[in-house]
Amino acid sequence: MARIDDPFALHEGAAETWRFVRERVLETGVVDQSLKELALRYVDDPDSVDVDAHEGRPRAALDWAHAIVWDADAATDELWERLHALFSEAELVDLGCAVGFELGRMHFLRTLGIETTRHAATS
């Protein structure tokens, strides 16, 4: 398979949509950017984050990212109670969308043989 460095650039609409998502969801939003980056780093490489070293909002964000990406059954009533106690609805939507977009981006790029580190996500 031929290597494609930037598949989004091959389609004007995809490039525009990806730029919008990157700028409005991944790089900004209503949830604290450091929490979003922690969750996205965890999605990219779970071994790079010591989940047990976090508590409060960071831990809840990591637990929710885990439920979204690897184990939907982990989205228990207890997790939802913690999430709603620590985040506004807008923050939960922002964080959930960021995790979902990053997961989709990673899967798509990996099928094309493209590196998917968090560093690559923001370039």
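S.K.: Please set out the overall build of the protein residue by residue, giving values where relevant.
M.R.: Helix and strand counts for the protein come out as six helices and zero strands. Compactness check: the protein gives a C-alpha radius of gyration of 15 Å against a globular reference of 14 Å for 123 residues, within 12% of the reference. In terms of overall dimensions, the protein has C-alpha extents of about 45 × 25 × 25 Å along its principal axes. Taken across its 123 residues, the protein has 38% of its residues classed as buried. A total of about 7100 Å² of accessible surface is found on the protein, and carbon and sulfur atoms cover 54% of it. Averaged over its 12 positive side-chain charges, the protein has a centre that lies 5 Å from the centre of its 25 negative ones.

S.K.: Tell me about the nonpolar core, residues and numbers included.
M.R.: Val43, Leu83, Phe87, Leu95 and Val99 are the most contacted members of the largest nonpolar core, which has 33 residues in total. Elements supplying a minimum of two residues to this core: helix H1 (12-26), helix H2 (33-44), helix H3 (56-69), helix H4 (77-86) and helix H5 (89-111). The residues contacting Val43, other than those within four sequence positions of it, are Ala65, Val69, Trp70, Val99, Glu102, Leu103 and Met106.

S.K.: Could you give an account of the pattern of salt bridges, naming the residues involved and the relevant values?
M.R.: If you walk through the whole model with that rule in mind, you get nine salt bridges. Across the salt bridge formed by Arg59 and Asp63, the nearest N and O atoms sit 2.9 Å from each other. Here Asp63 and Arg59 lie together in helix H3, a separation of four residues that amounts to about one turn. Given the relative accessible area of 18%, Asp63 is considered buried. When the shortest N-O distance is used, the salt bridge between Arg105 and Glu102 registers 2.9 Å. A residue pair is termed a helical-turn pair when its members lie 3 or 4 positions apart in one helix, as Arg105 and Glu102 do in helix H5 at three residues. For the pair formed by Arg105 and Glu102, the shared burial category is buried. Bridged by salt links that share partners, the residues Asp52, Arg59, Asp63, Glu78 and Arg82 form one connected network.

S.K.: So what's going on with the packing of aromatic side chains? Residues and values would help.
M.R.: Centre distance and the angle of the planes are the two values used to describe a pair of aromatic rings. Using the criterion set out here, one finds two aromatic pairs in the structure. When the ring of Trp64 is compared with that of Trp80, the centres are 5.7 Å apart and the planes differ by 70°; the resulting orientation is edge-to-face. Residue Trp64 is found in helix H3, and its partner Trp80 is found in helix H4; the two are separated by 16 residues along the sequence.

S.K.: Tell me about the side chain of Glu91, and please be specific about residues and values.
M.R.: The residue Glu91 is located in helix H5 in this model. In this structure Glu91 touches Val30, Val31, Arg57 and Leu86, once residues within four positions along its chain are discounted.

S.K.: A description of the packing of H2 against H5 should follow, citing residues and the corresponding values.
M.R.: Where H2 meets H5, the closest approach of the two axes is 10 Å, and the angle between their N-to-C directions is 30°. Taken together, the axes of H2 and H5 are roughly parallel relative to one another. Where H2 crosses over H5, the two elements pack in a sense that is right-handed. Every residue of H5 that contacts H2 at Lys36, Ala39, Leu40, Val43 and Asp44 is listed here: Asp94, Leu95, Ala98, Val99, Glu102, Leu103, Met106 and Arg110.

S.K.: If you had to explain H3 to someone new, which residues and values would you point to?
M.R.: Over its 14 residues, H3 extends 20 Å from the first C-alpha to the last, a length consistent with the 20 Å expected when each residue adds 1.5 Å. Elements that come into contact with the buried residues of H3 comprise H2, H4 and H5.

The rules behind these values
- Residues numbered from 1 in each chain as written.
- Predicted model: local features only at pLDDT ≥ 70, side-chain atom pairs only at ≥ 80, totals over all residues.
- Heavy atoms only, no water.
- Helix = DSSP H or I, 4+ residues; strand = E, 2+ residues; numbered from the N terminus.
- Rg over C-alpha atoms; globule rule 2.2 N^0.38 Å.
- Buried < 20%, exposed > 50% of the residue type's maximum accessible area, 1.4 Å probe, protein only.
- Areas by Shrake-Rupley, 256 points an atom, 1.4 Å probe, with all protein chains shown as cover.
- Lys, Arg positive; Asp, Glu negative; His and termini not counted.
- Charge placed at Lys NZ, Arg CZ, Asp CG, Glu CD.
- Core = buried A, V, L, I, M, F, W, Y, C linked by side-chain atoms within 4.5 Å.
- Contact = heavy atoms within 4.5 Å.
- Salt bridge = Lys/Arg side-chain N within 4 Å of Asp/Glu carboxyl O.
- Phe/Tyr/Trp six-rings, centres within 6.5 Å; stacked < 30°, edge-to-face > 60°.
- Axes fitted to C-alpha atoms, helices over the stretch in contact; angles between N-to-C directions.
- Parallel < 35°, antiparallel > 145°, perpendicular 65-115°, else oblique.
- Left-handed = near helix turned anticlockwise from the far one by under 90°.
- Expected span 1.5 Å × (residues − 1).

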